[in-house]
Number of protein chains: 4
Amino acid sequence: MVRYKKSEEKRKQILYAAFQAIAGQGYDAVTLQTIADSAKVSKGVVHYYFESKEAVLVELLSWLTGKIYEKEAAAVSEQSKAADKMYAYIDSVFVSPEKNRDFYRVYLDFLARASRSAAYREINSRFYDNCARISAEIVELGQHEGVFDSRLSARETAPVIRSIIDGCLIQWLMNGQDELHAVYRDYCRKAVMKLLGSETGEKS
Amino acid sequence: MVRYKKSEEKRKQILYAAFQAIAGQGYDAVTLQTIADSAKVSKGVVHYYFESKEAVLVELLSWLTGKIYEKEAAAVSEQSKAADKMYAYIDSVFVSPEKNRDFYRVYLDFLARASRSAAYREINSRFYDNCARISAEIVELGQHEGVFDSRLSARETAPVIRSIIDGCLIQWLMNGQDELHAVYRDYCRKAVMKLLGSETGEKS
Amino acid sequence: MVRYKKSEEKRKQILYAAFQAIAGQGYDAVTLQTIADSAKVSKGVVHYYFESKEAVLVELLSWLTGKIYEKEAAAVSEQSKAADKMYAYIDSVFVSPEKNRDFYRVYLDFLARASRSAAYREINSRFYDNCARISAEIVELGQHEGVFDSRLSARETAPVIRSIIDGCLIQWLMNGQDELHAVYRDYCRKAVMKLLGSETGEKS
Amino acid sequence: MVRYKKSEEKRKQILYAAFQAIAGQGYDAVTLQTIADSAKVSKGVVHYYFESKEAVLVELLSWLTGKIYEKEAAAVSEQSKAADKMYAYIDSVFVSPEKNRDFYRVYLDFLARASRSAAYREINSRFYDNCARISAEIVELGQHEGVFDSRLSARETAPVIRSIIDGCLIQWLMNGQDELHAVYRDYCRKAVMKLLGSETGEKS
DNA sequence: AATGAATGAGGATTCATTCAT
DNA sequence: CATGAATGAATCCTCATTCAT
């Protein structure tokens, strides 16, 4: 009995409420009541649209990472040169202190779970793969353009790029100061470019 | 609050049990009963040595990061040349699939909490600072030795190095395959070295 | 309360669905949703035809016992001699393992309720009275025929006959083996006949 | 982890409270709160002594039927002649309106469940077997004494005797009148004796 | 010191019932 | 007439914490 199609609208509303709630209070401080309150619906409604609390969260992770990926892809496709694409990619993640704080708080909660739950890990893998594909394409383009180190393996570089992005944002989050957001983004940009061997780029 | 020094032994025993329990089942699936069972003491004892469950966890984070830092510092001090020190640093983190899995599972749980709790963030900052100091010293040494890019700011490079290390281990953890542990370690080593310009340096 | 005769058809359909659902899952595992699903109507419809869940169940008991009684009466009236009528009566209850299982499961649920609810008890009493009347008439006929013990009080014998029938079927149900259905029916037949002194009568 | 031995005393207290509660309100109207209240303990205590609500009930059935059986066995063993034993057996069941009402209310609830739950059925089977053994021994003794019909199979008669006893008490319970308790007991006694063919007994 | 019995607040989940469409 | 979305009361269960022994 896959009760679906019950107003996709309201499902989104609940997912967003769950996101807000987790961002605010943390994964396990969040109750269905909190979510329901935040979504301005009754407690029963959450269960009407979702099998269980777990189901809400699984779908939330899926939805969140899906959205992030779409934004990254869109940002990258607006540029034509490899270096510009890479900057666009990084900048599309470093959106703003507020958004990054909310997302990475929630994302860290999910990663913690994912380390033990195959379901979460699965969803996250899809996200990683998507991000890796974006990076790899940019790297290959850059190599064609002659601006990135031609000896690099695009496939092997992608995870490192993601490491730098996620690592920097986690450290920024742990630091707790909004002002440093731009600083960490800069660390990230420079590190990635250095990594890609764009000595050339820096020279200019 | 006389409760201290009662038996530093037993406190450690409980902390280790908590670590094992969290690594195994996850932060919120862990109950005081679980910890007590795992430490082979009664539930009451845990409360006898620690104010509350929260107190156990705060101390656990402190204890854990302290140990990791000590190992890193020890490993680095055994080498004399910058490049060797940096490899030693990285390798001291990439200990083994089993240990890394346990630690990063627990650590991710703490990071998730830390994003909202000043107490955890405080402890983690101390850890970050210690790690950053190690990296910075190595970078400076390498610059003196002439093997690392002299234009780099040691202070600014440190967080990126940590990003790569943590980022790679997180991705490895999400991947779920022990065999890839060495692969990710390699990505990490190469990326850090490339970043430090040792290759470029050699190239020119 | 105009709600009647709306469609006697659909009321029956719902009652039968309720019967099936209770037979299958048990009284309190049954929800209005289950009933509605089983009756291939929407949940709202059940409430449209019945005041409440309780109302469905009260009417179900009434309907069920009514049907059983009709079958008993019909079976008995097809025979003309007392002994044959009594056998027909018993056999009309011991229909088949499948039907008896379904009915007695549901009936036990009702008896449990009836022990505390006057409404259910009322309905059940009507059933008991009907059954008792059938038995009593057979007994009296048998006494006229000279095949049943003439010293027996027809009124007092009826409940004992019903005890044996219900008691045997309950024990069979608790036993869980379809194969024993015929065996218990046999116990029942013999016991009733012995009770009515037909054997003694023959003996003398 | 079979947490046991936690004061067998209190377990009994909770079981008795559960019995009282079910007798009063019915199986599914009974909540853990009701039981806890009735046992004058906190809600948590019930879960401390029993795995779950289900576990309480399973143990209750076991405990109840065990006690009933012991009483029957004790009553029978006090008599030496078959007919007296059989009367003692019947009378040990027909204790008093109050006790029979409580027991049969609860017992009917269990029977209803047992028809679907193997665990309950198992326990009830043990009870049936015990009762059957008592009856069978009495019947055989009576046959030796020459007061019971020697053609009867003791094994096959036992279930019928239990049917009459249970059947009569259920009908009495459905009737709702305390005054009829003695009347139904009498029906039961007479029917059983007639069944056992003790024409002899009646003549005297 | 240590134990583990007892407490009770809090949370996920279920479901009869209501009601707008 | 019919639907199924929405509600929220009620229930089982978990667990940190307290405390008598």
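All of these numbers come straight from a predicted model, not from anything done at the bench. (Residues numbered from 1 in each chain as written. Chains lettered and ligands numbered in written order. Predicted model: local features only at pLDDT ≥ 70, side-chain atom pairs only at ≥ 80, totals over all residues. Heavy atoms only, no water.)

*Asks:* I tried to follow the confidence of the model for chain A on my own but got confused; where do I start?
*Replies:* Low-pLDDT portions of the prediction should not be read for the details of their coordinates. Of the residues in chain A, 94% have a pLDDT of 70 or more, and the chain-wide mean is 93. Residue range residues 200-204 of chain A is modelled with pLDDT below 50. Its contacts to residues more than four positions away, or to other chains, number two contacts. (pLDDT = per-residue confidence, 0-100. Contact = heavy atoms within 4.5 Å.)

*Asks:* So what exactly am I meant to see when it comes to the protein's contact with DNA strand E here?
*Replies:* Taken together, 30 residues surround DNA strand E, and among them Val45 of chain B, Lys53 of chain C together with Lys10, Tyr48 and Tyr49 of chain D come closest. Restricting attention to atoms of DNA strand E within 4 Å of the protein, one finds that 71% of them are sugar or phosphate atoms. A distance of 2.6 Å separates a phosphate oxygen of DNA strand E from a polar atom in the side chain of lysine 10 of chain D. Here the surface near DNA strand E is composed, by residue class, of eleven nonpolar, ten polar and nine charged. (Near = heavy atom within 4 Å. Polar contact = N/O pair within 3.5 Å; in protein donor to acceptor, adjacent residues only side chain to side chain. Nonpolar A, V, L, I, M, F, W, Y, C, P; charged D, E, K, R; others polar.)

*Asks:* Hey, could you run me through the arrangement of the chains in this one?
*Replies:* Nothing in chain B touches chain C; the tightest C-alpha to C-alpha distance between them is still 30 Å. No interface is formed between chain A and chain D, the nearest pair of C-alpha atoms being 22 Å apart.

*Asks:* Looking at this model, I keep getting lost on the interface of chain B and chain A. Mind explaining?
*Replies:* Put simply, an interface is often sized by how much accessible area is lost when its parts join up. The interface of chain B with chain A comprises 47 residues on the first partner and 46 residues on the second. Contact with chain A buries surface across chain B, with Arg116, Met174 and Lys194 of chain B losing the most and accounting together for 21% of the total. The interface formed by chain B and chain A holds six salt bridges in total. Across the chain B-chain A interface, the total number found is 22 residue pairs in polar contact (both at pLDDT 80 or more). (Buried area = accessible area lost by both parts, 1.4 Å probe. Salt bridge = Lys/Arg side-chain N within 4 Å of Asp/Glu carboxyl O.)

*Asks:* Help me out: how do you make sense of the UniProt feature "domain: HTH tetR-type" (unreviewed entry) in chain A in this one?
*Replies:* Per the UniProt entry, the sites bearing "domain: HTH tetR-type" (unreviewed entry) are residues 8-68 of chain A in this numbering. Helix and strand shares over residues 8-68 of chain A are 79% and 0% respectively, and the end C-alpha atoms of the span are 20 Å apart. (UniProt positions renumbered as here; feature names shortened; annotations may be inferred. Helix = DSSP H or I, 4+ residues; strand = E, 2+ residues; numbered from the N terminus.)

*Asks:* Quick question: what am I supposed to make of the environment of isoleucine 134 of chain C here?
*Replies:* All names here are of chain C. Relative to the helices and strands, isoleucine 134 is located in helix H7 (residues 118-145). Separated by 57 residues in the primary sequence, isoleucine 134 and serine 77 have C-alpha atoms spaced 9.7 Å apart. Non-local contacts of isoleucine 134, meaning those with residues more than four positions away in its chain, are made with Tyr69, Glu72, Ala73, Val76 and Tyr89.

*Asks:* Mind showing me how you'd approach the relation of the copies chain B and chain A here?
*Replies:* Turning one copy of the chain about an axis and sliding it along that axis gives the other copy, so a rotation and a shift relate them. The two copies are related by a screw operation: chain B maps onto chain A through 180° of rotation and 0.1 Å of translation along the axis, at an RMSD of 0.1 Å. Each copy turns onto its partner about a two-fold axis. In this assembly, 98% of the residues forming the interface of chain B have copies in chain A that are likewise at the interface, indicating an isologous arrangement. (Least-squares fit on C-alpha atoms with pLDDT ≥ 70 in both.)

*Asks:* Just to check I follow, could you spell out the protein's contact with DNA strand F for this structure?
*Replies:* Close to DNA strand F lie 31 residues, the nearest being Lys10, Tyr48 and Tyr49 of chain A, Lys53 of chain B together with Lys53 of chain D. Among the atoms of DNA strand F lying within 4 Å of the protein, the sugar-phosphate backbone contributes 72%. Within the side chain of serine 42 of chain C, one N or O atom sits 3.1 Å away from a phosphate oxygen of DNA strand F. Contributing elements (two or more residues each) for the surface near DNA strand F: helix H3 (43-49) of chain A, helix H3 (43-49) of chain B, helix H3 (43-49) of chain C together with helix H3 (43-49) of chain D.

*Asks:* Help me understand the domain arrangement of chain A, please; the structure alone is not making it clear to me.
*Replies:* All names here are of chain A. What the domain assignment lists for chain A is domain 1 (7-50) and domain 2 (56-203). Taken residue by residue, the interface counts 14 residues in domain 1 and 14 residues in domain 2. For the domain 1 and domain 2 pair, buried surface summed over both sides reaches about 1400 Å², with 73% attributable to carbon and sulfur atoms. The largest contributions to the domain 1 side of the interface with domain 2 come from Leu15, Phe19 and Tyr27, which together make up 48% of the buried area. Across the contact surface, domain 1 and domain 2 share two salt bridges. With a shortest N-O distance of 2.8 Å, arginine 11 and glutamate 59 are connected by a salt bridge. Our count for the contact surface shared by domain 1 and domain 2 stands at five residue pairs in polar contact (both at pLDDT 80 or more). Among the elements that make up the side of domain 1 that touches domain 2, the one with the highest residue count is helix H1 (residues 8-25) (nine residues). Of the residues in the side of domain 1 that touches domain 2, the class split is nine nonpolar, two polar and three charged. (Domains from an automatic or database assignment.)

*Asks:* Help me understand the packing of helix H4 (residues 53-77) of chain C against helix H6 (residues 97-114) of chain C in this model?
*Replies:* In helix packing, the relevant descriptors are the interaxial angle and the interaxial distance, both defined with respect to the helix axes. Residues and elements named next belong to chain C. Where H4 meets H6, the closest approach of the two axes is 11 Å, and the angle between their N-to-C directions is 130°. Between H4 and H6, the angle is such that the two are oblique. For the pair H4 and H6, the crossing hand works out as left-handed. Each of Leu57, Leu60, Leu61, Leu64, Thr65 and Ile68 in H4 lies in contact with H6, whose residues at this interface are Phe103, Val106, Tyr107 and Phe110. Classifying every residue of the contact of H4 with H6 gives nine nonpolar, one polar and no charged. (Axes fitted to C-alpha atoms, helices over the stretch in contact; angles between N-to-C directions. Parallel < 35°, antiparallel > 145°, perpendicular 65-115°, else oblique. Left-handed = near helix turned anticlockwise from the far one by under 90°.)

*Asks:* How should I be thinking about unusual backbone geometry in this particular structure?
*Replies:* Negative phi is the rule for most residues except glycine; trans is the rule for most peptide bonds. Not every positive phi belongs to a glycine, and lysine 40 of chain A is a case in point at roughly 55°. Along the chain, lysine 40 of chain A turns up in the loop between helix H2 (32-38) and H3.

*Asks:* I'm lost on helix H4 (residues 53-77) of chain D in this one. Help?
*Replies:* Given 3.6 residues to a turn, an α-helix orients residues that are three or four positions apart in the same direction. The end-to-end C-alpha distance of H4 of chain D, which contains 25 residues, comes to 36 Å, matching closely the 36 Å that a straight helix rising 1.5 Å per residue would cover. Taken residue by residue, H4 of chain D has Val56, Leu57, Leu60, Leu61, Trp63, Leu64, Thr65, Glu72, Ala75 and Val76 of chain D as its buried positions. (Expected span 1.5 Å × (residues − 1). Buried < 20%, exposed > 50% of the residue type's maximum accessible area, 1.4 Å probe, protein only.)

*Asks:* Just checking my understanding: could you explain the packing of aromatic side chains for this structure?
*Replies:* How two aromatic rings sit relative to each other is set out by the distance from centre to centre and by the angle between their planes. For the structure on display, the rule yields 36 aromatic pairs over all chains. Ring geometry for tyrosine 184 of chain B against tyrosine 187 of chain B: centres 5.5 Å apart, planes inclined by 70°, an arrangement best described as edge-to-face. Of this pair, tyrosine 184 of chain B and tyrosine 187 of chain B are both found in helix H9 (residues 181-195), three residues apart, which corresponds to roughly one turn of the helix. Take tyrosine 184 of chain B and tyrosine 187 of chain B: they sit in the same class, and that class is buried. Relative to phenylalanine 19 of chain D, the ring of tyrosine 16 of chain D has its centre 6.2 Å away and its plane inclined at 35°; by these criteria the two rings are tilted. With a gap of three residues between them, tyrosine 16 of chain D and phenylalanine 19 of chain D both fall in helix H1 (residues 8-25), about one helical turn apart. (Phe/Tyr/Trp six-rings, centres within 6.5 Å; stacked < 30°, edge-to-face > 60°.)

*Asks:* Would you mind going over the pattern of salt bridges with me for this structure?
*Replies:* Pairing between side chains becomes possible if they bear opposite charge and their charged atoms approach one another. Inspection of every chain in the model, using the stated rule, returns 58 salt bridges over all chains. For aspartate 28 of chain D, the salt bridge goes to arginine 113 of chain C, with nearest N and O atoms at 2.5 Å. Remark: arginine 113 of chain C occurs in helix H6 and aspartate 28 of chain D occurs in the loop between H1 and helix H2 (32-39); the pair is interchain, linking two chains. Residue arginine 113 of chain C is classed as buried on the basis of its relative accessible area of 12%. Two residues, aspartate 109 of chain D and arginine 113 of chain D, come together in a salt bridge whose shortest N-O distance is 3.5 Å. Linking aspartate 109 of chain D with arginine 113 of chain D, this pair stays in helix H6 (residues 97-114), spanning four residues, or about one helical turn. Judged by its relative accessible area of 2%, aspartate 109 of chain D falls in the buried class.

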